[in-house]
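Below are the chains, spelled out letter by letter.
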Amino acid sequence: MKKLILIFVLLLSLSFDTPQEDAYTTGEWFKLRIHYGFVNAGYATLEVKDATLNSKKTHHIIGKGYTVGMSRFFFKVDDLYETYIDKETRNPYQFVRKINEGGYTKNQEGFINQTANKVTVKDYKNKTEKTFSIPKNTQDILSTFYYLRNHPNIDKLNVGESIAIDMFFDDETTKFRLKFIGRENINTKFGVVPAMIFRPLVQSGRVFKEQESVTVWISDDDNKLPLRVKASLAVGSIKADLDAYKGLKGAFKTKK
């Protein structure tokens, strides 16, 4: 369960050189249902708000993940991720990671100096403060998804191509790659939706193993919404499906 909440944002991380018009806007909100077959395990939500940070206008992104029902009884998850993204540069300035996963907790806040290529992480649980060097244009775990959505050139990727991005997570920078698999129409609660399919490859020893079987479907329109995430397990699989949305900037396309 805790991996799938991370999968939700990790799998959507791409980088391009020529930014386009924003694919999202203030007021956007959507929810994914995480489930094993017909059994609900939990939900993940993302919301876009406006905020001013150090006199800079930013998008304040709030991500939440939580278990429900019997899943919560066996493994309680209450995760909160936040990021503040500069509306002009589209790079993050500050992030929050406050999680409770089966009793495992973190309470951290990161302050990113994009000019100096440094990030200072304050750990409120352990009462520590550390500063790390990062590559130029490094994203945090949540801002990566929104960095992707502002680059419609994703539509021009060829099958088999992979794109990499530097992402700061757990006190280190991870090189994250996403491989384009192809396109297909998938059945959703909103109808049949055209989708692009991706598969992640990450450094060994991080959140996923190099060859872990995870696949993500993203709407093949200007919104680039996550429609489905599937992680194959030893027995069966766990999935996340788009369950609700509102405030989208672009039209959500379905096939008649």
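Residues numbered from 1 in each chain as written. Predicted model: local features only at pLDDT ≥ 70, side-chain atom pairs only at ≥ 80, totals over all residues. Heavy atoms only, no water.

## Describing the overall build of the protein
Helix and strand counts for the protein stand at 3 helices and 15 strands. Across the protein, every contact between residues at least 6 apart in sequence was considered, and the portion connecting residues at least 24 apart equals 52%. For the protein, the accessible area works out to roughly 12200 Å², and carbon and sulfur atoms hold 49% of it. (Helix = DSSP H or I, 4+ residues; strand = E, 2+ residues; numbered from the N terminus. Contact = heavy atoms within 4.5 Å. Areas by Shrake-Rupley, 256 points an atom, 1.4 Å probe, with all protein chains shown as cover.)

## A word on empty space enclosed by the protein
Per the counting criterion, the structure on display carries 4 cavities of 30 Å³ or more. What lines the largest cavity is a set of 14 residues, and nearest its centre among them are Phe95, Arg97, Ile141, Phe168 and Phe169. Put simply, the parts of the chain that give the lining of the largest cavity at least two residues each are strand E4 (77-86), strand E5 (92-101) and strand E10 (162-169). Of the residues contributing to the lining of the largest cavity, the split by class is 8 nonpolar, 1 polar and 5 charged. (1 Å grid on protein atoms, 1.4 Å probe; cavity = no way out; pocket = protein on both sides within 12 Å on 5 of 7 lines; lining within 4 Å. Points joined across faces, edges and corners; volume = space filled by probe spheres on them. Nonpolar A, V, L, I, M, F, W, Y, C, P; charged D, E, K, R; others polar.)

## Let's talk about unusual backbone geometry
The phi torsion at asparagine 54 lies on the positive side, around 55°, for a residue other than glycine. By relative accessible area, which is 69% here, asparagine 54 ends up exposed. (Buried < 20%, exposed > 50% of the residue type's maximum accessible area, 1.4 Å probe, protein only.)

## Observations regarding the pairing of E5
Most of E5 is tucked away: 8 of the 10 residues are buried. Of the pairings in the sheet, the one linking E4 to E5 comprises 9 bridges and is antiparallel in character. What sits directly across from threonine 83, in E5, is phenylalanine 95. Taken together, E4 and the strand that follows it, E5, pair antiparallel across an intervening segment of 5 residues, in which arginine 90 is found at a positive phi of about 65°. When E5 meets strand E6 (residues 104-113), the two strands line up antiparallel, connected through 8 bridges. Bridge pairing in E6 links lysine 98 to asparagine 107. (Pairing = 2+ DSSP bridges.)

## What to know about the nonpolar core
Formed by 46 residues in total, the largest nonpolar core has its most connected members in Phe30, Leu46, Ile61, Tyr146, Phe198, Leu227 and Phe252. Considering every element that reaches this core, the biggest residue donor is strand E12 (residues 191-202), with 5 residues. If near-sequence neighbours (up to four positions away) are discounted, tyrosine 146 is found in contact with Tyr24, Glu28, Phe30, Leu46, Val48, Ile61 and Ile85. (Core = buried A, V, L, I, M, F, W, Y, C linked by side-chain atoms within 4.5 Å.)

## Description of the confidence of the model for the protein
Scored by pLDDT, the protein comes out at a mean of 86, with 85% of its residues at no less than 70. Here residues 11-19 is a poorly scored stretch, pLDDT under 50, and it has 41 contacts once near neighbours within four places are set aside; other chains count. (pLDDT = per-residue confidence, 0-100.)

## Describing the environment of aspartate 170
Relative to the helices and strands, aspartate 170 resides in the loop between E10 and strand E11 (172-188). A relative accessible area of 32% means that aspartate 170 is categorised as partly exposed. For the pair aspartate 170 and glutamine 108, spaced 62 residues apart in sequence, the C-alpha separation works out to 9.8 Å. For aspartate 170, the side chain forms a polar contact with the side chain of arginine 97, separated by 2.5 Å. (Polar contact = N/O pair within 3.5 Å; in protein donor to acceptor, adjacent residues only side chain to side chain.)

## So, the packing of aromatic side chains
Taken as a whole, this structure holds 11 aromatic pairs when the rule is applied. A centroid spacing of 5.2 Å and a plane angle of 85° characterise the contact between phenylalanine 73 and phenylalanine 74, whose relative ring orientation is edge-to-face. A connected cluster of aromatic rings, assembled from ring pairs, spans Tyr24, Phe30, Phe145 and Tyr146. Positioned above the aromatic ring of tyrosine 43 is the side chain of lysine 31, whose terminal nitrogen or guanidinium carbon lies 4.8 Å from the ring centre. Taking the ring centre of tryptophan 29 as reference, the NZ or CZ of lysine 246 above it sits at 5.5 Å. (Phe/Tyr/Trp six-rings, centres within 6.5 Å; stacked < 30°, edge-to-face > 60°. Lys NZ or Arg CZ within 6 Å of the ring centre and 35° of its normal.)

## Here we look at the side chain of arginine 97
One can find arginine 97 in strand E5. Judged by its relative accessible area of 8%, arginine 97 falls in the buried class. Only 3.4 Å separates the side chain of arginine 97 from the side chain of tyrosine 81, close enough to count as a polar contact.

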